[in-house]
Every structure is written in structure tokens, then in C-alpha cells.
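A closer look at the structure
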Amino acid sequence: MTLHDPESLANAWSRLKDYLRKGAGAVRLGFENINFLHQMLEENKVLFNAMVDAFEAKIYICSSNYRIEYLNERMIRHLGYDATGEFCYEAFGRQSVCPWCINNRILKGETVKREFISPKDKHWYYVVNAPIRHADGSTSKYAMMMDIHHRKLNEHELKKHRTHLEELVKARTAELTFTNAQLRLEIEERKEAEDALRRSEAKYRELVENANSMIIRFDTQGRLTFFNEYAQKFFGCSESEILGRNILDTILSEVDTNMENTREKMENFLASPEKYENTILENISTNGDRAWVAWTNRPIRDKNDYIVEFLCVGVDITERKQARQKIQNLTHELLKAQENERYKISRDLHDHIAQDLSSLKIGLQTLFENDEPVRTSHRKRVDNLVQVLQRSITEVRNIAYGLRPPGLDQLGLASTLFIYCEDFGKNNDLKIDFMAAGLDDLVLDEDTQINIYRLTQEALHNVNKHSKAKKVVIRLVASSPHLMLRIIDDGEGFDVKHWRSGPNMDKKMGLSSMEERVGLLDGLIDIRSRPGKGTAIFITIPTKDLHRDSKKENFNHRRSSIVS
């Protein structure tokens, strides 16, 4: 019989249990029985080790004085060697008893379960510590360590995520609470806004329909989308007849009475509406009547800031424009009469007074030619009188020249301006760079010529009187269908806004008269200046594109000359 035989082993366990049940005193042990018990104990040890090794735990037993009495294989691998017989704290890498040691509690019979971090591998372990009572009355500590490091890490991660989730839930709850409050507030505000909108729409409808102004709307293609009642009455058509049609096919003609292209103006407006906040257009009604209307234009944008429509409010200014035209015509006629009067006075001064003074001068110079020698004092007095006459003749001719430049009719505009700039520069110590171009084949009416001459004259007088400039650049360029005059100086300059709103009217008359003249010519004037930066005047005048074959104007206009 061998102990490793299952049947023999079962019989051995049965006898051992009987022995233990009856007690050692009731059983007589012979040599064979003692040998059997040794075998049983050996087998029991094998079974114990097998059961211990079956646990996925690290097990050790130490005595009351901290000596290790037993280590299972997992614990040996954990420590790195078999530390049986050594102090337990040394086996775990310490020099003295661990501060957290609970041997005293175990030795008193307490079983303690706890979690701790091993100083050996820094892992979390679940440890069960229990007392073992020996036959001699001594007690050892039994410790079983189960690795729970991954579980602790997972618990920690789970706790962190739980905490984060709780924070998110709190934040989301607070956000939803705030959003709900805002939503309720917005609902209330929206109700109030809707009520206000309804009231505003009612007022708007009443205002629009009863306004004494034309109010229209059209899209970016020019198609009409709104036409108030006043506009319907003014243009003589109903809303159903005009909505959806293009503005150019209904209330605007292709060309106005000034022969300006209305379609081109409309296309420019649609392309750059910001440049045309206020426009004056000639409109046409269904019966063919024409009227001048001043329009105030505003773009209507969507939520993406794109222009989708235009709102235009118009006021009939036909009577005002006609009255202004009459005033302009009267002013024009007045200036013509003034120029004619200047021409007559200039001719009288030049042909009569200047000639008479010249004759008087010659008479004085020849007074003593056939007489006997006269006293020196008498001749000196005559010479002084001759000098006085010469100055008078010069002054009279200058006045006549200022009233009406004699070369304008003979030499033409460009040559006359060149000579005038040359004389003005010499007399006033001023450098004038004058250049004309494009006038050789262009016929300008007398009014246009004299007004351009007067504009240049007035500009130079302003420069000499106010700007303290050293140099003036003048350019006169004909580029069909416009004539452009540019006058730029390097003087002190001024604040244009302050000039227009300031109280000193005497300082405004020069530029104001220039603006008036340009307006009479249906031109545009742009005055630009800043203190210390000089002044620039840009004048654009429409001209009739008339050409000539004569070579009356023999001055080389494109030659730039600086006169001083």
C-alpha cells in the first residue's frame, strides 16, 4: 500500500479521523501506526501546499517576534527570494518594524482585514490577517495578500469620471436652468416685441399710406416690390399695374430732358448704392408728364448683411428746380450783361481814354521841340508829367485788360490763360506752372471761355491774397465730354468744413463765386484743403463735342511752362 494510491489514501484519512475523534489516549500506537502518521503528515503537508498554491494570493506566516515562518511561492516571487527565518519588515525592505504593523492586535486573537500599498512594489493589496494558535500556546500571524491594484486604479478612475460626470451634470443642470429662465424671458420679450411690432406696423402703414411723399421699394434687379398710395396717385397707376415691373420701364425714362442716360445712372446706383444716398432724377408718369424728384435711398439688408432691396422716399421738386433754373438763367444773363458791360468799359478805356492819354503824353514830349531852349526846370516838370501819364496809361490798360482780356477773341482760351498766368506770376513773384491739352480741335462757346478765364483769375487772386503760396500748378484738359480745370497751390491751406460753416462771409466770397460760376455751367467743383497742406480745386465742366478745322489757336497747349 502506498499513500499516493487513492484507495490507500482514503483508508488512511479514515483512520486519522477516527484517531482524532477518539483522542490520542484511546488509541495504542505501534511502530506501524507511527510510521503511518508520519506518512499522513507528509501527505497532509503536500495537500496544504497544493491548496495554498491554488489561491491567487501571497501568503506568509510570522511569529510574535516578527520572524517569517512560512512563505508561499507567490510571496517568494513577490519578495524576490525565500526570506523564511528573517524579520518580516526586513523582507519588505525596511530597517525597523513598520509603523502600521498590527501584530499586537493579531496576537490578541483579532482578525483584521484592510487595504494598503506594499512598500515592495507600490501596489494596492487586500490583506487578511488572522491569528494561528500553536499547541505550545504560542501564536503566529497568518497574512494573505491579494493584489487589488488594478481594481483600485479602476475605482479611482471610475471615481474621477463619476466626479467629472457629477460636475458636468451640475453644470448642465445649471445651464439648463439658466437657459430655461432665459427662454421664459425671451418668450415674454418676444410677446412684447410682437405686440410692439404690430403697433409699429400699424403706425408704419398709416404713415406710409398717408405720407405726402412717394415711398417705393425695389429689389436688386430693379423690380418694384412696393408702391404707396401717394406714389400711385403721383404716377397715375395702381399697385397691381406696377408691382413686379422694372423701374426703368415704368417711372424712369431712358434719357432725361438734359440728355443724360438714366439707365446708366440706375446701373451705377445698383452697383454702388452707398454713393447715392441722395439723388435727383427726372421721373415720368403714365401719361407722359415729367417731374423732377429728390430721392432719399436706403438699402435693406438681410441677416447676413446682404442687400436684398432698396427703400426710396421721393419728394417732387419740379417747381423748386424750375424756380432755381430761372434764378440760374437770370444769374447767367446777369453775368453775361456784366461781361458785356465790362467789355464795353474795357473797349472805351482802351480805345478812348488810353488813346487820349497816349496822345497827351506824345504832345507833352514834343511840346518844346520847335521852341527855343527852355529852362531846365520847365523841361523837368514836363518829364515828370510824362511819367505820370505813362503810369496812368499803364493802369488804364491793366484795368481794361482785367475787365476783358483782349486776347480771348484773337488768341483763344489757352493762349490767353498762358499770357495771363505769365503776367500774374511776374507781378506777384509767384511761380505758375500752366499747361493746357486737348483744346486744339474743340470749339468752346464764349460764355464757357470767359467763365473758365474768370475761374482761373479768381483762383489766382485767392492764392495771392490768402494762401502765401510760392507755386501754383494749373492744368486745363479737354477730355470729351468734359473740360477739366485743376488748380493746386503749396500754400497754408485751410479747414474746408470750417470755411463752409464759418461766419466770415468776406473770406468766402472768392470760392463761393467760383462755385456759383461752375453751377451756371452745370459743372462740378471739389475743393480740398488742410491747414499746412495747400489747396486743390478740381473743376469739371460738360462741353459739347464740337470740332473745328481752323487753325486759329496756334498756341502749343500741351507745352508745360513755368512762369514766375
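Just so you know, these numbers come straight off a predicted model, no measurement behind them.

1. A few points about the sheet that holds strand β5 (residues 139–147)
- The sheet built from five strands is open, its strands ordered β2-β1-β5-β4-β3 with antiparallel pairing. Whereas interior strands pair on both sides, the edge strands pair on one side only; in this sheet they are β2 (68–71) and β3 (112–117). Shown here is a sheet whose adjacent strand axes are inclined to one another by a mean of 25°, direction ignored.

2. Some remarks on the confidence of the model for the protein
- Averaged over every residue, the pLDDT of the protein is 79; residues scoring 70 or more account for 76%.
- Residue range residues 545–564 is modelled with pLDDT below 50. Its contacts to residues more than four positions away, or to other chains, number 61 contacts.

3. Side note on the side chain of H78
- When you line up the elements, H78 lands in helix α3 (residues 73–79).
- H78 sits in the buried class, given a relative accessible area of 13%.
- Setting aside residues up to four positions removed in sequence, H78 forms contacts with K58, F92, S118, K120, D121 and Y125.

4. Some points on the packing of aromatic side chains
- Counted by the stated rule, this structure contains 11 aromatic pairs.
- Through a chain of ring-to-ring contacts, three or more aromatic side chains come together here, namely F218, F269, Y276 and F310.
- Above the ring of F87, the side-chain terminus of R67 is found at 3.8 Å from the ring centroid.
- Here the basic side chain of K152 rests over the ring of W124, its NZ or CZ set 4.5 Å away from the ring centre.

Conventions adopted
Residues numbered from 1 in each chain as written. Predicted model: local features only at pLDDT ≥ 70, side-chain atom pairs only at ≥ 80, totals over all residues. Heavy atoms only, no water. Pairing = 2+ DSSP bridges. Helix = DSSP H or I, 4+ residues; strand = E, 2+ residues; numbered from the N terminus. Axes fitted to C-alpha atoms, helices over the stretch in contact; angles between N-to-C directions. pLDDT = per-residue confidence, 0-100. Contact = heavy atoms within 4.5 Å. Buried < 20%, exposed > 50% of the residue type's maximum accessible area, 1.4 Å probe, protein only. Phe/Tyr/Trp six-rings, centres within 6.5 Å; stacked < 30°, edge-to-face > 60°. Lys NZ or Arg CZ within 6 Å of the ring centre and 35° of its normal.

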